[in-house]
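Understanding the architecture of this molecule
The chain contents come next:
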There are 2 protein chains.
Amino acid sequence: MNMKLLAVAGGKGPADVVIENGKIVNVYTGEIYDGGVAIVDDRIAAVGDVEYCKGASTQVVDAGGMFITPGFIDAHVHPESSDLSIRSFAEAVLKHGTTTIMTDLHEIGVVSGLEGIEAIIEENEITDLNMFFVVPSHVPFSPLLETSGGVFNAEIIKKALEREDAVGISEVVGHYILAGFPDLLDSIDAVKKPGLVAAGHLPDMKGPALNACLAAGVNNDHEALDGPEIVERLRGGCYAMLRESSAARTLADQVKYVVESGVDTTFASIVSDDLHCIDLAHTGHMDHHIKVALEAGLPFIKAIQMVTVNAARSFHMGRTIGGLAPGKRADINLVAGDTAETFEVKATWSAGKKVAENGESLVHYPVAEHKPCVLNTCTLLNPITPDSFKMAAPEGAKKVKVKCMDTLPWIPITQPREVELDVVDGYVQCDVSQDVLYIAQVERYGKNGNIGKAFMGGFHLQSGAIASTVGHDNHNIIVMGTNFEDMAVAVNHLVDIQGGQCFVENGEVVKDIPYPVCGLLSDLSCEELAAEKEELNAALAERGCIIPITCMFLSFICLAALPTLAITDHGFINVLTMQIEDPILGVAE
Amino acid sequence: MNMKLLAVAGGKGPADVVIENGKIVNVYTGEIYDGGVAIVDDRIAAVGDVEYCKGASTQVVDAGGMFITPGFIDAHVHPESSDLSIRSFAEAVLKHGTTTIMTDLHEIGVVSGLEGIEAIIEENEITDLNMFFVVPSHVPFSPLLETSGGVFNAEIIKKALEREDAVGISEVVGHYILAGFPDLLDSIDAVKKPGLVAAGHLPDMKGPALNACLAAGVNNDHEALDGPEIVERLRGGCYAMLRESSAARTLADQVKYVVESGVDTTFASIVSDDLHCIDLAHTGHMDHHIKVALEAGLPFIKAIQMVTVNAARSFHMGRTIGGLAPGKRADINLVAGDTAETFEVKATWSAGKKVAENGESLVHYPVAEHKPCVLNTCTLLNPITPDSFKMAAPEGAKKVKVKCMDTLPWIPITQPREVELDVVDGYVQCDVSQDVLYIAQVERYGKNGNIGKAFMGGFHLQSGAIASTVGHDNHNIIVMGTNFEDMAVAVNHLVDIQGGQCFVENGEVVKDIPYPVCGLLSDLSCEELAAEKEELNAALAERGCIIPITCMFLSFICLAALPTLAITDHGFINVLTMQIEDPILGVAE
C-alpha cells in the first residue's frame, strides 16, 4: 500500500504534481466539468477539486482550460506491424497519448516462442508504456500449412498465463472453434477464471457461427468488418472493437452505423491492430483514430470512453486503468479540442511521468541489448541459388496453364487468375508483360529447408526482386521477383544481415532495411524507419510497383488464413480448402 | 468445454429449452426487441432469432410477448439478515427472480469463522441460487470492543481468497482505511490482482476521505446515503450501489437524483444489503426494488441493467452472468410489464432450470444436515441469574443520574438521554414509566463470560424481557427487559434451545423462535418464519413496544460502529469516542 498516496488523497500532504484549470473528461459518468488532477508517484490521488492537494513542494501545471482525459488504451495491437523495436514503438505511441496497450507479441512468438516474447516484454520494462500480455492462443497459426520458429501449445499457454501481466489469450480463431480444435478449447477453458479473457479473431462470424464462438467463451473481437457486425457482437455481450488498421480502415463506417443505431457503446472500443510505421509517423495512433471517429459523428465523450474505460473493461482492467480517479494509474492527456478539427494531444503523463508535450517526446530510450533468443533468427538448411526457385514444367511442354494469384490493390486479399506461361529449358517462366511474377517463401528456421513456389500478380513490378523476413503468420522469407538470380541474391542478403527487407536489381542490393530483432523489428526511431521505408517503396514504385506499402501487402500474401490463395514454405495454398495446390494447371502447348 | 452447447449455438443440434415470442431486454446494447432464448444445460446457446435451435426434443416455452430479462443479481446482501437458513433464503429469493447473490456471510463468520461460512456455502450447493463469496475483511468488527466466536485476520482472508468462488473482500471500512489499519491495508493489497475486488463500507465518506478510500483500492460501495453521495462515488470510478434495505430505504431518493443529474449509470447497481424475512415474504426482493426504482423515474432498461450487467461488472463477473448472451449462465426472467404498476416476475430459470412460475416456487430444498461447526454455538462461561444483570449504585445512593440510550423509531440509531433512576438494595432500577429498560449483552462463546449492561429507551415495552442471539457484529445474546428475572429466564432459554429469539413474561416463555444455525438462522420457510416473527412482534406490540421489527432494531443496538451509543459484551460503548463508559453518571440523591 502506498501510504503517501493515501495521505495526499486524504488531505494530509502535498501531491507531487497538480494539473489545474482543466476540463475533466469523466469517462465513468460521461460528464465534462472544470477541475484538475493530483498525482502522487505513479498514481492519481484526487480529481476535480484538487486545490487541497497543493503544497510548497507540489509542481503545479496549468492546463489552460484544456480537456483532461485518461491516457489512451489500444486494446488490440501488434506492435510488430510497425516494424519498430518495442522501445521505438513505445516512444512513438506515447507521443500520441497512448499509455497502455494489450498485445500478444504474436509475431515475436512465431519466430522465437515464449522466450522471445518475454525478452521483448523485458525490453519494454524501462519504457513508460504500460503493456499487458495477451498470450497467443496458437502458434503456428496453420500448423499443417506452414513452418514457424516458435510454438505455442496448451501447455506453454498455461505456463504463460501464470505471468502477472498475462490477461488472457489472443486471436482465438472462430473457424477453429467451429472445427472443435481440442487444444484451443482447452486453452479457452483455462482463461475462464475471473480476471482473464479470451480475445477473439472472428472474421465473417455471424448468426449461429458467432453464437458458437461466444458460447465457447470468447469475450471480445476486433474482426467485425462493418457496423452491423459490430452491433451483433455488442448484442451478444461481446466487447466489440472498432478497427482502424493500416490494412483495414473500417472505423468511420462502423462509427456511423453504431451512432445511427443508438445502441449503448459501453462494450465498444477502438483499436489499431496493425499499424504501419509510416502511418504512425505521419498520422498518429489512437489520437488519429479519435479524430476519425469524431469526424464520423461519434460524440466526444463516447470517443474518449472507447479508448479508455471501455477498452480497460474489455480486459477486466478497469480497476487500475482507463479513467481519472483516485488510485488509478496516473495516465493523463491534455487535449486541445473536442472536434475532429481541433482535437490534439498537447501533453501526456504516463504513470505520473510527463512523457510528451506539444507533439514532442520528452523521453528517449536507449537501444536495447537484445537477448540472443531474438537475434540471428535466419538459418537456411540448404544454400539458396537461382535454381531453388525454378518450377519444372510437365515433360515436353512449351507453354503451360498456370493459376496466378493477384492481390487486390487496396487490401491484400488474393484472387485467382489463369494465365499461360512459356517454358524454357523445362522450367516455367514468369511474364512481366502479363504482370505474372515469381513468388516464393523460404523456410528460415533451419528446420526443413522448405521452399513454396507460386506466381503472383497485382504488384506490377517490372524488374528485380523484393524480399522480406516478415510474412504472416510464419515469418519465413517471402520473395517476389522478375528473375531467379535477383531472388536468390535478395534471400541470401537477408540471411547475411539476419533479417530485414531488401530490393535487388541486376544482382545488386538497391536498398535494404535490416531488422535485427527476430527478422521483424528495426532499432531505428519511428521517423527514421518511416524514411527508410519510403525510400524502399519509392525504389519499387520507380520500377512500376503500384502497391504503396509493398512489404506489408507481401507479408499478408503468406497468410494461410486470408482468402483466397496464399504462399507459405509448404507451397501454394488454397485458403478455402486448406489444401496445397500445384500452380501449374496443365500443358497449354 | 460443453460441446453440446457449442453444437446447438452453431446450429448443429436442438436446444433443451427454447423460450420464444418474447421481448429481449438486451442489457448490453440497451435495446428491447422481439426474440427468444435457447438454453442448453445450464447455459444460454442463442438469443434473438432462436428458431434454428428448435428440434423435436426441445421444450418450447411461449413467452406470450412478455419481457425476457437476465436473472437478477443482488451484489451486496447478507442473507443472514432474513434469519433464514441459506436454503430457505434461496427458495425465497429465486421466486422473486434473483438468481445470483454476492455475499460475505459475515454474520456466520462472526459466530463460526471461515469453517462456518464454508459449511453454509456447502449447504447452498444443492440449491439453484448462484452465490459468490466476498470474504469478510475483518472479524470481529471492533476487536477492542466486543467478543466474537470466529476471527478473520489477513492470514485467514488470504486462505479464503484461494477459493474458486471468492471474488474479493467485503465491508472494507472507510474509517479503518483512514486510520491505516495495517492488516486491512494488507488484505486490500491481496485483492489487487485482476478478478478480485475490495467492496467498501464507506458511510459518511466524502471529498478527501472518500478519495483516500478509493486511492487505497476500494472498488464498490453500498453505503452512500443520498443521491449526491452516489454521484460522487460514480465520478470516482467506484461502483455505486443504490440501497433499499429493511433498515435503510434510500433507493427512491437516490434514483431521483441520479436520473435528474443525467450521469451514465453503467457503474450503478441496486442492492438490498439487509432484508428482513417479513419484507421478503410480503414485498419481495430485487423485483420490489425495481418497482421502487421505476416509480422513482428510472427508465426500465436502466433499472434492469442495475440489477444485472452493472451488478455483475461491479465484481468483474460479466463474462458469465448479468446478460442474455451465448455462453452466459441461463438465468432468465419473464417479466409482465415495464412500469412500476405492471412490473412482475412471472417465471424464472436459474442455470437453465425453471425454478418459479406465477409467484410460486417450483423447487423445494430439504432442510440441510447442518455441520457441527454451525450448531450448538451458545456456551455460557458462568451461569446466568437475575443478579447477573444488576448494576450497583455508588454506596449510599438512593437515586442516580444515568445516561440512557434511546433508539430513533425509524432507524436503529441511538441518542443519549439523561434520566434519574431509583436505587433499591444498592442496585439501580429501571423505570418503565420513563421508558427506561435494562439492556445487556451476554458473551455466548464460552470465552470470557463478559456481560455488558446499560439502560435503553425508545421501545416502550411495558413488561417482560426480549432476548436474541442475533446482535451485530458479534452475535452475543442481547437482552432487554423490565426486570432481572425475566431477563435471566430469556437468556437461559436461548442457551437451552441453542440460539433464537424469545419473549418472556412473569418467568414464562410467551413466544420463542429457535435459530439452530449459529444462533442466527431458522430452517423454516420464509413464509413460516415471517408468520412466527409477526406473532412475536404482535406479543411485543401488545406490551406497548412501538418498534415493529423489534429484534432487528435490537440487533443493531449492539453495533459498536453505529452512532452514537451501543451495548456489547464489553459494556456501554460511546461510538464516537470508541470508549467504554459507565452508564451511571453519578449520585442524584
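Presented here is a report on the structure given in the accompanying data block. Keep in mind it's a predicted model, so treat the numbers as computed, not measured.

Calculation rules
- Residues numbered from 1 in each chain as written.
- Chains lettered and ligands numbered in written order.
- Predicted model: local features only at pLDDT ≥ 70, side-chain atom pairs only at ≥ 80, totals over all residues.
- Heavy atoms only, no water.
- Helix = DSSP H or I, 4+ residues; strand = E, 2+ residues; numbered from the N terminus.
- Rg over C-alpha atoms; globule rule 2.2 N^0.38 Å.
- Buried < 20%, exposed > 50% of the residue type's maximum accessible area, 1.4 Å probe, protein only.
- Contact = heavy atoms within 4.5 Å.
- Areas by Shrake-Rupley, 256 points an atom, 1.4 Å probe, with all protein chains shown as cover.
- Least-squares fit on C-alpha atoms with pLDDT ≥ 70 in both.
- Polar contact = N/O pair within 3.5 Å; in protein donor to acceptor, adjacent residues only side chain to side chain.
- Buried area = accessible area lost by both parts, 1.4 Å probe.
- Salt bridge = Lys/Arg side-chain N within 4 Å of Asp/Glu carboxyl O.
- Nonpolar A, V, L, I, M, F, W, Y, C, P; charged D, E, K, R; others polar.
- Disulfide = S-S within 2.5 Å.
- Pairing = 2+ DSSP bridges.
- Axes fitted to C-alpha atoms, helices over the stretch in contact; angles between N-to-C directions.
- Parallel < 35°, antiparallel > 145°, perpendicular 65-115°, else oblique.
- Left-handed = near helix turned anticlockwise from the far one by under 90°.
- Core = buried A, V, L, I, M, F, W, Y, C linked by side-chain atoms within 4.5 Å.
- Phe/Tyr/Trp six-rings, centres within 6.5 Å; stacked < 30°, edge-to-face > 60°.
- Lys, Arg positive; Asp, Glu negative; His and termini not counted.

A count of helical and extended segments in chain A gives 16 helices and 31 strands. Its C-alpha atoms give chain A a radius of gyration of 25 Å, within 12% of the compact-globule value 25 Å for 589 residues. Counting only C-alpha atoms, chain A reaches 90 × 50 × 45 Å along its principal axes. With 589 residues in all, chain A has 65% of them scored as buried. The contacts in chain A between residues at least 6 apart in sequence include a share of 68% that link residues at least 24 apart. Here chain A displays about 18,900 Å² of accessible surface, and carbon together with sulfur accounts for 51% of that area.

Mapping chain B onto chain A calls for a screw motion: a turn of 179° about the axis and a shift of 0.0 Å along it, with 0.1 Å RMSD after fitting. Such a combination of rotation and displacement between the chain copies is what one expects of a two-fold axis. When each C-alpha of chain B is compared by its distance to the rotation axis, G195 of chain B comes out closest, at 1.9 Å. Counting the interface residues of chain B, we find that 98% of their copies in chain A are interface residues as well, pointing to one common contact surface.

On to helix α8 (residues 227-235) of chain B, then. All names here are of chain B. Those residues of α8 that sit buried are G227, E229, I230, V231, R233 and L234. Where the residues of α8 are buried, they touch α7 (207-216), β12 (218-221), β13 (239-245), α9 (251-261) and β15 (268-271). Between the side-chain oxygen at the start of α8 and the backbone nitrogen of E229 there is a gap of 3.0 Å, and the oxygen is on D226. Just beyond α8, the residue with positive phi is G237, at close to 70°.

You'll often see interface size given as the accessible area lost when the parts meet. Facing the 58 residues of chain B at the interface are 57 residues of chain A. Summed over both sides, the interface between chain B and chain A buries roughly 4,600 Å², with carbon and sulfur atoms accounting for 56% of that surface. When the buried area of chain B at its contact with chain A is split by residue, M1, R235 and R319 of chain B rank highest and sum to 18% of it. Remark: the boundary between chain B and chain A carries two salt bridges. For E31 of chain A, the salt bridge is made with R235 of chain B, and the minimal N-O distance between the two is 2.8 Å. Viewed at the interface, chain A and chain B are joined by 20 residue pairs in polar contact (both at pLDDT 80 or more). Here the side of chain B that touches chain A gets six residues from one element, more than from any other, and that element is α7 of chain B. Classifying every residue of the side of chain B that touches chain A by side-chain character gives 33 nonpolar, 15 polar and ten charged.

Let us look at the state of the cysteines. Scanning the model with the defined rule gives zero disulfides over all chains in all. With no disulfide partner, C238 of chain A has as its closest neighbouring cysteine sulfur the one in C213 of chain A, 9.3 Å distant. C502 of chain B supplies the cysteine sulfur nearest to C551 of chain B, a cysteine that is in no disulfide, at a spacing of 8.8 Å. On the basis of relative accessibility, which here comes to 4%, the residue C551 of chain B falls in the buried class.

Residues and elements named next belong to chain B. A complete count under the given rule lists 60 salt bridges over all chains for this structure. Measuring nitrogen to oxygen at the nearest pair gives 2.8 Å for the salt bridge that ties D387 to K390. On the basis of relative accessibility, which here comes to 24%, the residue K390 falls in the partly exposed class. Here D422 makes a salt bridge to K399, at a shortest N to O gap of 3.0 Å. Taken together, the positions of D422 in strand β22 (residues 414-424) and K399 in strand β21 (residues 399-407) put the pair 23 residues apart, joining distant regions of the chain. We classify D422 as partly exposed; its relative accessible area is 41%.

To continue, consider the sheet that holds strand β28 (residues 565-568) of chain A. All names here are of chain A. An order of β28-β29-β30 is seen for the three strands of this open sheet, with the pairing classed as antiparallel. Looking at the sheet topology across the chains shown, the edges are occupied by β28 and β30 (579-581). When strand polarity is set aside, the average angle formed by the axes of neighbouring strands in this sheet is 40°.

A cis amide bond links H472 of chain A with the next residue in sequence, D473 of chain A, at an omega value of -10°. P563 of chain B connects to T564 of chain B through a cis peptide bond whose omega is -5°. Turning to its location among the elements, T564 of chain B is positioned in the loop between α16 (550-557) and β30 (565-568). A positive phi angle is found at N358 of chain A, which is not glycine, with a value near 50°. Its place among the elements puts N358 of chain A in the loop between β17 (353-357) and β18 (360-361).

The next subject is the side chain of T265 of chain B. All names here are of chain B. Among the structural elements, T265 can be located in the loop between α9 and β15. Exposure remark for T265: the relative accessible area of 5% places this residue in the buried category. Look past the residues within four positions of T265 in its chain and what remains in contact with it is V258, K302, M306 and N310.

Here we come to the packing of helix α2 (residues 86-94) of chain A against helix α3 (residues 106-124) of chain A. Residue and element names in this part refer to chain A. Closest axis-to-axis distance for the α2/α3 pair is 8 Å, and the angle between their directions is 45°. Comparing their axes, α3 and α2 come out oblique. Two packed elements cross with a definite hand, and for α2 against α3 that hand is right-handed. Contacts between α2 and α3 involve I86, R87 and A90 from the first element and I120, E123 and N124 from the second. Residues of the contact of α2 with α3, tallied by class, amount to three nonpolar, one polar and two charged.

On to the sheet that holds strand β32 (residues 579-581) of chain B, then. All names here are of chain B. Read from one edge to the other, the open sheet built from three strands follows the order β30-β31-β32, with strand pairing classed as antiparallel. Two strands bound the open sheet, and with one partner strand each, they are β30 and β32. Going across the sheet, the axis of each strand differs from the next one's by a mean of 40°, ignoring polarity. In terms of strand pairing, strand β31 (residues 571-574) meets β32 through three bridges, oriented antiparallel. If you follow N574 over to β32, its bridge partner there is Q579.

All right, on to the nonpolar core then. Ranked by size, the top nonpolar core spans 99 residues in total, and within it I177 and I439 of chain B carry the most contacts. For this core, the element with the most residues is helix α3 (residues 106-124) of chain B, which contributes eight residues. If you look at the next biggest cluster of nonpolar residues, it comprises 98 residues, including V139, L214, C518 and F572 of chain A.

Attention now moves to the packing of aromatic side chains. Tallied over the full model, the rule gives 18 aromatic pairs over all chains. Measuring from centroid to centroid gives 5.1 Å for Y28 of chain A and F267 of chain B, while their planes differ by 80°, and the two rings are edge-to-face. One end of the pair, Y28 of chain A, is in the loop between β1 (17-26) and β2 (31-40); the other, F267 of chain B, is in the loop between α9 and β15, on a second chain. Here Y28 of chain A matches F267 of chain B in class, with each residue buried. Both rings, one in Y438 of chain A and one in F455 of chain A, keep their centres 6.1 Å apart while their planes meet at 45°; by these two values the pair is tilted. Of the two residues, Y438 of chain A sits in strand β22 (residues 437-442) while F455 of chain A sits in strand β23 (residues 451-457), which places them 17 residues apart along the sequence. When sorted by exposure, Y438 of chain A lands in the same class as F455 of chain A, which is buried.

All names here are of chain B. For D486, the location among the structural elements is in helix α14 (residues 484-496). Put simply, D486 is tucked away with no salt bridge, and the nearest opposite charge, on R543, sits 9.0 Å away. Not counting chain neighbours up to four residues away, the residues in contact with D486 comprise G464, A465, V504, E505, N506 and G507.

So, about the pairing of strand β11 (residues 197-201) of chain B. Residue and element names in this part refer to chain B. Along β11, five of the five residues are buried, which leaves the element largely enclosed by surrounding structure. Here β11 shows two buried faces, one formed by V197, A199 and H201 and the other by A198 and G200. Where strand β10 (residues 166-173) and β11 come together, four bridges link them in parallel fashion. Its bridge partner lying in β11, V173 is registered against H201. Of the strand pairs in this sheet, β11 and β12 are connected by three bridges, and their pairing is parallel. Of the residues in β12, the one forming a bridge with A198 is V218.

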